[in-house]
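# Per-entry structural report
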Amino acid sequence: MQTMITLIKGDITKMKVDAVVNAANSSLLGGGGVDGAIHRAGGPAILEECRQIRAKQGGCDTGEAVITTGGQLPAKYVIHTVGPVWNNGNKGEPELLAKCYHNSLQLAVEHGAKTIAFPNISTGVYRFPKPNAAEIAIKAVQQFLANDNNITEVYFVCFDDENYELYKEKLAVLP
Ligand code: AR6
């Protein structure tokens, strides 16, 4: 089945999808940016589940993902992934960012989630250059979707104008 890729400008906490992805940190204990917004809107149940995951596996490594319920969000699940901190690109940041997208989609599939929304992972506090991050995100999603899966809709939710314009350009030229 053909999966739709849709670009949205706005707040990911409002998305009525099976799973929203959170740009978390390895502690899984929350933070600022989209992480703060998701925990604020989703309520304390999400943090409690994150604490339980942390107690079991000691947090989440960069490039990996874990899943909780969506708490009070319209989304059923939150997939927390940890993007790389940009460090001039010579610490494997591009590969780690691609892994975030791949592993989040994989976890969605494992939980029967068919619609998923991504923020622009690592492009805030973690300073990943936005043009580069957009290209990696789109390519990683396309590569995942090229293989058999049940995902029907992928949303890229851009909060800032710069990311929105970049995604608009890059998605417009897809085959
Ligand atoms: N909806 C969608 N996107 C958003 C929202 C929102 N409500 N709020 C911000 N963004 P960042 P990172 C965009 O800094 O760079 C946290 O403290 C924002 O415009 O949230 O991966 C974590 O706990 C930007 O493009 O995540 C980590 O410590 C994008 O989300 C650290 O920041 C990512 O920016 C992770 O840094």
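Described in the following lines is the structure provided in the data block. As the structure is a prediction and not an experimental result, all values here were calculated from the model. (Residues numbered from 1 in each chain as written. Predicted model: local features only at pLDDT ≥ 70, side-chain atom pairs only at ≥ 80, totals over all residues. Heavy atoms only, no water.)

## Section: the overall build of the protein
Looking only at helices and strands, one finds five helices and six strands in the protein. Each helix and strand of the protein, placed in order from N terminus to C terminus, yields the pattern β-β-α-α-β-β-α-β-α-β-α. Relative to a compact globule of 175 residues, whose C-alpha radius of gyration would be 16 Å, the protein shows 15 Å and is just as compact. With respect to the principal axes defined by its C-alpha atoms, the protein has extents near 45 × 40 × 30 Å. When each of the 175 residues of the protein is scored for burial, the buried share is 47%. Partitioning the contacts of the protein with sequence separation of at least 6, the portion at a separation of at least 24 is 70%. Put simply, the protein shows about 8600 Å² of open surface, and 50% of that area lies on carbon and sulfur atoms. Here the protein carries 16 positive and 18 negative side-chain charges, and the mean point of each set is 4 Å from the other. (Helix = DSSP H or I, 4+ residues; strand = E, 2+ residues; numbered from the N terminus. Rg over C-alpha atoms; globule rule 2.2 N^0.38 Å. Buried < 20%, exposed > 50% of the residue type's maximum accessible area, 1.4 Å probe, protein only. Contact = heavy atoms within 4.5 Å. Areas by Shrake-Rupley, 256 points an atom, 1.4 Å probe, with all protein chains shown as cover. Lys, Arg positive; Asp, Glu negative; His and termini not counted. Charge placed at Lys NZ, Arg CZ, Asp CG, Glu CD.)

## Considerations on the packing of helix H1 (residues 33–42) against helix H2 (residues 44–57)
Think of two packed helices as two axes; the pair is described by the angle between the axes and how far apart they sit. Packing of H1 against H2 leaves a shortest axis separation of 6 Å and a crossing angle of 115°. Taken together, the residues of H2 that come into contact with H1 (itself represented by Ile-38, His-39 and Gly-42) are Pro-44, Ile-46, Leu-47 and Cys-50. Along the lines of polarity and charge, the residues of the contact of H1 with H2 split into five nonpolar, two polar and no charged. (Axes fitted to C-alpha atoms, helices over the stretch in contact; angles between N-to-C directions. Nonpolar A, V, L, I, M, F, W, Y, C, P; charged D, E, K, R; others polar.)

## With respect to unusual backbone geometry
Despite not being glycine, Ser-122 has its phi angle at roughly 75°, a positive value. Within the element layout of this structure, Ser-122 appears in the loop between strand S5 (115–118) and helix H4 (130–146). By relative accessible area, Ser-122 is classed as buried at 6%. Unlike most non-glycine residues, Arg-127 shows phi in positive territory, near 60°.

## Examining the packing of H4 against helix H5 (residues 161–172)
Two elements in contact, H4 and H5, have axes separated by 10 Å at closest approach and are oriented at 45°. As the angle between them shows, H4 and H5 are arranged oblique. For the crossing formed where H4 meets H5, the hand is right-handed. Facing H4, whose interface residues are Lys-130, Pro-131, Ala-133, Ala-134, Glu-135, Ala-137 and Ile-138, H5 presents Glu-162, Asn-163, Leu-166, Tyr-167, Lys-170 and Leu-171. Partitioned by chemical class, the residues of the contact of H4 with H5 number eight nonpolar, one polar and four charged. (Parallel < 35°, antiparallel > 145°, perpendicular 65-115°, else oblique. Left-handed = near helix turned anticlockwise from the far one by under 90°.)

## Quick look at the sheet that holds strand S3 (residues 65–69)
As summarised here, the arrangement of the six strands in space is S1-S6-S5-S2-S4-S3, forming an open sheet in which the pairing is mixed. The open sheet has two edge strands, strand S1 (4–9) and S3, and neither has a second partner. Ignoring strand direction, the axes of neighbouring strands in this sheet form an average angle of 25°. Sheet topology places S5 next to strand S6 (residues 153–158); four bridges connect them, and they run parallel. Paired with Thr-115 across the two strands is Glu-153, which belongs to S6. Contacting S3 and strand S4 (77–82), H2 crosses the sheet at an angle of about 140° to S3. (Pairing = 2+ DSSP bridges.)

## A few points about the site of the ligand
With respect to spatial proximity, 23 residues lie near the ligand, and among them Asn-25, Gly-32, Asp-35, Ser-122 and Thr-123 are the closest. Between an oxygen atom of the ligand and a main-chain N or O atom of Tyr-126, the distance comes to 3.0 Å. Taking 700 Å² as the accessible area of the ligand by itself, protein coverage stands at 91%. Of all the secondary structure elements, the ones that give two or more residues to the shell around the ligand are strand S2 (19–24) and H1. Of all the elements, H1 adds the most residues to the shell around the ligand, at four residues. (Near = heavy atom within 4 Å. Polar contact = N/O pair within 3.5 Å; in protein donor to acceptor, adjacent residues only side chain to side chain.)

## Considering H4
The α-helix winds at 3.6 residues per turn, so residues separated by three or four positions along the chain end up facing the same way. Over its 17 residues, H4 extends 24 Å from the first C-alpha to the last, a length consistent with the 24 Å expected when each residue adds 1.5 Å. Along H4, the residues that are buried comprise Lys-130, Ala-133, Ala-134, Ile-136, Ala-137, Ile-138, Ala-140, Val-141, Phe-144 and Leu-145. Where H4 is buried, its residues contact S1, helix H3 (93–110), S5, S6 and H5. (Expected span 1.5 Å × (residues − 1).)

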